[in-house]
Amino acid sequence: MAMQAESKCGALLYGMAESFAPGWPGIPARWTSSAKSGVGTSLSEASDIWFTLSHGVINEVYYPRVDRACTRDMGFIVTDGRGFVSEEKRHASHEVAFMVPGVPAYRLRNTCLEHRYIIEKDIITDPQRPALLQRTRFSALDGRRADYRLHVLLAPHLANRGAGNTAWIDEHKGIPMLFAERAGTAVALASSAPWFNRSVGFVGTSDGWQDLLAHNAMTWSYSRAENGNVALTGGIDVPPDGEFLMVLAFGTDAAEAGHRARAALHDGFELAHASYLRQWDAWQDGLIRLDDHRPDDPLDRYRVSTIVMRTHEASAFPGGIIASLSVPWGFNKGDEDLGGYHLVWPRDLVEIGGGLLAAGGHVEVRRILGYLQTTQEADGHWGQNMWLDGTPYWNGIQMDETALPILLVDLALREDAIGEPDLSRFWPMIRRAAGYIVRNGPVSPQDRWEEDPGYSPFTVAVEIVALLVAAEFADRADEPGTARYLRETADAWNACIDHWMFASGTERGAHFDVDGYYVRVAPIEGDDGVLRLQSTIPVRNVPACDADAPACDLISCDALALVRFGLRRPDDPRIVSTLRLIDQLLKVDSPSGPAWRRYNGDGYGEHADGSPFDGTGVGRAWPLLTGERALYELAAGHTADAMRLLGAFESFASDGGLLPEQIWDAPDIAERELYFGRPAGSAMPLVWAHAEYVKLRRSLRDGAVFDLPPQTVQRYLVDHTGSEHAVWRFSHKLREMPAGKSLRIETTAAAVIHWSADNWATVADTPTDDTDLGMHVADLATTMIAAGGRVVFTI
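*Asks:* How do you make sense of helix α9 (residues 423–440) when you look at a structure like this?
*Replies:* Every α-helical turn comprises 3.6 residues, leaving residues that sit three or four positions apart pointing alike. A rise of 1.5 Å per residue sets the reference length of α9, with its 18 residues, at 26 Å; its end C-alpha atoms lie 25 Å apart and thus fit the reference within 8%. Along α9, the positions that sit buried rather than exposed are L423, F426, W427, M429, I430, R431, A433, A434, G435, Y436, I437 and V438. Those residues of α9 that are buried are in contact with α7 (362–375), α8 (399–414), α10 (457–476), α11 (480–501) and β26 (725–729).

*Asks:* Explain the sheet that holds strand β28 (residues 742–747) to me, please; I cannot follow it from the model alone.
*Replies:* Pairing between the strands of a sheet comes from backbone hydrogen bonds, and it takes one of two forms, parallel or antiparallel. The 4 strands lie next to each other as β26-β28-β32-β31, forming an open sheet whose pairing is mixed. At either end of the open sheet lies a strand with only one pairing partner, and these are β26 and β31 (769–770). Inspection of the sheet shows β28 paired to strand β32 (residues 776–780) by 5 bridges, in the antiparallel sense. Across the sheet, residue E746 finds its bridge partner in β32, namely V777.

*Asks:* Just checking my understanding: could you explain the pairing of strand β5 (residues 57–62) for this structure?
*Replies:* For a regular strand, side-chain orientation follows a simple rule: the groups alternate between the two sheet faces. Within β5, 6 of the 6 residues are buried, leaving the element largely enclosed by the surrounding structure. Where strand β4 (residues 50–54) meets β5, 4 bridges bridge the pair, whose relative direction is antiparallel. Bridge pairing links S54 to V57 in β5. The turn linking β4 back onto β5 is made up of 2 residues, and H55 within it adopts a positive phi angle of 55 degrees.

*Asks:* Looking at this model, I keep getting lost on the pattern of salt bridges. Mind explaining?
*Replies:* As a working rule, side chains carrying opposite charge can pair if their charged atoms are close by. Considering all chains together, one arrives at 58 salt bridges under this definition. With a closest N to O distance of 3.3 Å, D122 and R137 form a salt bridge. Taken as a pair, D122 in strand β10 (residues 117–125) and R137 in strand β11 (residues 131–140) lie far apart in primary sequence, 15 residues in all. With a shortest N-O distance of 3.2 Å, R144 and D147 are connected by a salt bridge. According to the relative accessible area criterion, R144 is exposed, its value standing at 55%. Because the salt bridges share partners, they merge into one network encompassing E95, R107, R109, E120, D122, R135, R137, E243 and E270.

*Asks:* What's the story with the packing of aromatic side chains in this structure? I'm lost.
*Replies:* Geometrically, a pair of aromatic rings is defined through the distance of the ring centres and the angle of the planes. A full pass over the atoms with the stated rule returns 24 aromatic pairs. Among the aromatic residues, ring-to-ring pairing joins Y341, W345, W387, Y393 and W394 into one connected group. Above the face of the F84 ring, R116 is positioned so that its terminal group lies 4.1 Å from the ring centre. Between R149 and the ring centre of F196, over which it is positioned, the NZ or CZ distance is 4.2 Å.

*Asks:* So what exactly am I meant to see when it comes to the packing of α7 against α8 here?
*Replies:* Pairs of packed helices are described in terms of their axes, by the angle between the two and the distance that separates them. Axis separation between α7 and α8 bottoms out at 11 Å; the angle between their running directions is 150 degrees. Accordingly, the angle class assigned to the pair α7 and α8 is roughly antiparallel. In this structure, α7 meets α8 at a crossing whose hand is left-handed. For the pair formed by α7 and α8, the contact residues are V365, I368, L369 and L372 on the first element and P405, L408, V409 and A412 on the second. Here the contact of α7 with α8 is composed, by residue class, of 8 nonpolar, no polar and no charged.

*Asks:* What is the right way to read the sheet that holds strand β25 (residues 621–622) from this model?
*Replies:* Within the open sheet, the 3 strands sit side by side as β23-β24-β25. Their pairing is antiparallel. One side of each edge strand has no neighbouring strand; the edge strands of this open sheet are β23 (587–590) and β25. Bridge count between strand β24 (residues 593–597) and β25: 2 bridges; the pairing is antiparallel. Within β25, the position partnered with R597 by the bridge is A621. The strands that helix α15 (residues 623–635) touches are β24 and β25; relative to β24, the one it contacts most, it runs at about 105 degrees.

*Asks:* Would you take a moment to explain α8 for this structure?
*Replies:* The terminal C-alpha atoms of α8 lie 24 Å apart, and with 16 residues this matches the ideal 22 Å at 1.5 Å per residue to within 8%. Across the 16 residues of α8, 15 count as buried, placing the element largely inside the fold. Among the residues trailing α8, D416 stands out with phi positive, at a value near 65 degrees.

*Asks:* Please clarify how the side chain of K121 should be interpreted in this entry.
*Replies:* Relative to the helices and strands, K121 is located in strand β10. Judged by relative accessible area, K121 falls into the buried class, the value being 1%. In this structure, K121 is in contact with G56, V57, F76, E88, Y106, R107, L108, N110, Q134, R135 and T136, ignoring residues within four places of it in sequence.

*Asks:* I'm lost on empty space enclosed by the protein in this one. Help?
*Replies:* Over the atoms rolls a probe the size of a water molecule, and its path tells where empty space is left. One pass over the structure, following the stated rule, counts 5 cavities of 30 Å³ or more. Empty space within the largest cavity amounts to approximately 340 Å³. As for the largest cavity, its lining consists of 27 residues, of which E351, R564, F565, K695 and D707 are closest to the centre. Among the secondary structure elements, those contributing two or more residues to the lining of the largest cavity are α6 (346–359), α8, α13 (561–564), α15 and α17 (687–702). Looking at the lining of the largest cavity element by element, the count peaks at 6 residues for α8. Within the lining of the largest cavity, the residues separate by chemical class into 16 nonpolar, 1 polar and 10 charged. Here the second largest cavity defines a volume of roughly 100 Å³.

*Asks:* Explain the environment of T536 here, please?
*Replies:* For T536, the location among the structural elements is in strand β22 (residues 534–540). Each C-alpha atom, one on T536 and one on Y716, is 31 Å from the other, the two residues being 180 residues apart in sequence. The residues touching T536, leaving out its near neighbours within four places in the chain, are R735, R790, V791 and V792.

*Asks:* Honestly, unusual backbone geometry in this entry has me stumped. Any pointers?
*Replies:* Excluding glycine, a negative phi dihedral is what most residues carry, and trans is how most peptide bonds are arranged. Geometrically, the link from W24 to P25 is a cis peptide bond, its omega value of 0 degrees lying close to zero. With respect to the element layout, P25 can be found in the loop between β2 (12–13) and β3 (38–41). A cis amide bond, omega 0 degrees, links G441 with the succeeding residue P442. Positive phi, normally seen in glycine, also occurs at N160, with a value near 70 degrees.

*Asks:* Please clarify how the environment of E45 should be interpreted in this entry.
*Replies:* Turning to its location among the elements, E45 is positioned in the loop between β3 and β4. Look at E45 and you get exposed, because its relative accessible area is 72%. A C-alpha to C-alpha distance of 7.9 Å links E45 and P127, two positions 82 residues apart in sequence.

*Asks:* Whenever I open this one, the packing of α6 against α17 confuses me. Can you help?
*Replies:* Remark: α6 packs on α17, axes separated minimally by 8 Å, with the N-to-C direction vectors making an angle of 35 degrees. Seen from above, α6 lies across α17 with left-handed handedness. Together, R347, D348, E351, I352, G354, G355, L357, A358 and A359 of α6 and V687, W688, A691, E692, V694, K695 and R698 of α17 make up the contact between the two elements. Classifying every residue of the contact of α6 with α17 gives 8 nonpolar, 2 polar and 6 charged.

What counts and what doesn't
Residues numbered from 1 in each chain as written. Predicted model: local features only at pLDDT ≥ 70, side-chain atom pairs only at ≥ 80, totals over all residues. Heavy atoms only, no water. Helix = DSSP H or I, 4+ residues; strand = E, 2+ residues; numbered from the N terminus. Expected span 1.5 Å × (residues − 1). Buried < 20%, exposed > 50% of the residue type's maximum accessible area, 1.4 Å probe, protein only. Contact = heavy atoms within 4.5 Å. Pairing = 2+ DSSP bridges. Salt bridge = Lys/Arg side-chain N within 4 Å of Asp/Glu carboxyl O. Phe/Tyr/Trp six-rings, centres within 6.5 Å; stacked < 30°, edge-to-face > 60°. Lys NZ or Arg CZ within 6 Å of the ring centre and 35° of its normal. Axes fitted to C-alpha atoms, helices over the stretch in contact; angles between N-to-C directions. Parallel < 35°, antiparallel > 145°, perpendicular 65-115°, else oblique. Left-handed = near helix turned anticlockwise from the far one by under 90°. Nonpolar A, V, L, I, M, F, W, Y, C, P; charged D, E, K, R; others polar. 1 Å grid on protein atoms, 1.4 Å probe; cavity = no way out; pocket = protein on both sides within 12 Å on 5 of 7 lines; lining within 4 Å. Points joined across faces, edges and corners; volume = space filled by probe spheres on them.

What follows is the structure in structure tokens.
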């Protein structure tokens, strides 16, 4: 008789000696396709688990946080013992549908390409515990059900890593299961149907896939695989009716995971499904019905988008919403890419907050604002991206990510998601953020696409709006001096936009027959990295600020932000000429409709041969930008064009209604699953794209752009407010200024400006005033200096 081996759970493996799998540590771990067909979670706080679907199987499951992936995938392999081996994710056609509209409960139907079998699955999470439930029906199309053997394969990647996992066979309270554990996280796989065999092994060497492929049956029964890239395999004794329940449960250790798996099996699918359905129905019923006018849409894409936005929120970090439950080009990424897109980008978070507001999700937006308060850094900025607890992942700084949260507070106030009593709560956050902007703006170390420093239309536009909004809050907080300085700074930056970012008289403009255009990012003027304590500024009859022609090579759709944020009219000739160039250089007319690339020269996307982005590539078209263009058309009064673009936006979605980050914008490459106008290999779903879709639907219903700030519209488009100042600071050293303006010197410490307008024949000393925002300003009396004069100063 074989020796009894005590298991990790404390139970015994009777009738077999513990057998260690060979082939340690397995091949390097990889994630999986980012082309998701569904995402879901329970709205119960007791069920801190999230799931994704792709190619007919469960992909990444996240636990106990939405930024912590714990599996690669879980799917079935079918054999007949005589040479037929079929893996459902590779050898079947896949259909996905919602069990109930507006609820992320999915029905998958995988039909064997050889018409031998059908596998149907109903998938939800258990509202009472962190467990994923998969009700499965296996049917034979050729022969009898008993002619086939069904095997489940699970690839655990616990706590965001495929390496270092340990897997074993065991039972919990008499229920046979498969287990894995790493870094204080455990998973248990249980089935209502009996197992006819179980095995664990190292991926690529001793895993069940290798066994089944080689032998058409499970011939290995390894009981343990330690500290590697592991896989769990179980042969399922399918009952006569073909239906059984599989449970994937998580815990801090194997006992906890096993307990939850057994409890979920005991309660069954129907009880969990009824609770799951009630919670989602109640939430959807509380939203604005923006789908009433779309009876022709069988998917109800509006409700798909609200599902996506709500599903990506953390339960333990209320208001924390990650960018995507996916790893772009995950099949080519390993443990070196810990974050994927399951990180919080403050920009995406604010855009998602806007989408939730457009849908009437006031409670969720209040949580987002609370989360932003908690994760703001002491100096007022937010990290480029971060884990849910606020720990930075990348270390870049983007000024728009500090400005956008201010705009969300204002939008929430206008939509009555917060009220006047809340203003004192949010003013400290706004004040710190505004202080960071005036100390470090308007130049961003990186533009919103996270690459190049300089003046960016999107970033500068957002900063200007944020300063005006902050000024209104300063007035409410009885800080009139702060309000005045914020408005004056916004006015000065707005007056400089064209000289910073509008290029005219260029070869590119002549080639495309336009007088000028806004560039993607203009280089920082007048700052060569040398800190000079003496400056000479000529006074000339120039229309605005210091400017040589900005860099003219890169054109971006970001110029539309000047309209979206109320700084330029839609019919402004500068905007119109820029749009002509955008459409010439960036527009893609795909079979699904028009889309736009981010900018010419973009390198984020698949290579020309369709191979995945690996740090280099070719920028592809973004559905998100189709939504932004539709909002521009609506602002311009072209409602029919906006509606057509809405249709194109929808057509870029997957069969399950999920919107991708990018679409493939070249001829089909079928072997790489790349089809012109269909989702490419980047993130899907991109939650920001779904938020933009909802805002577009709301805007079309209202007949006006939903999130257009009234402050800039009134101040710059109606009142035509200009600026009295030309601003010099160490990060932005003017070389010339317009006649008739006051020269404002800004420093980060108290100073005296020793200056002259007649080459030191006479001098004046002007002390700086403290703005109480970390900037000190001195306004020099230069308004009477004639054109051609010169101002010289030392600090």
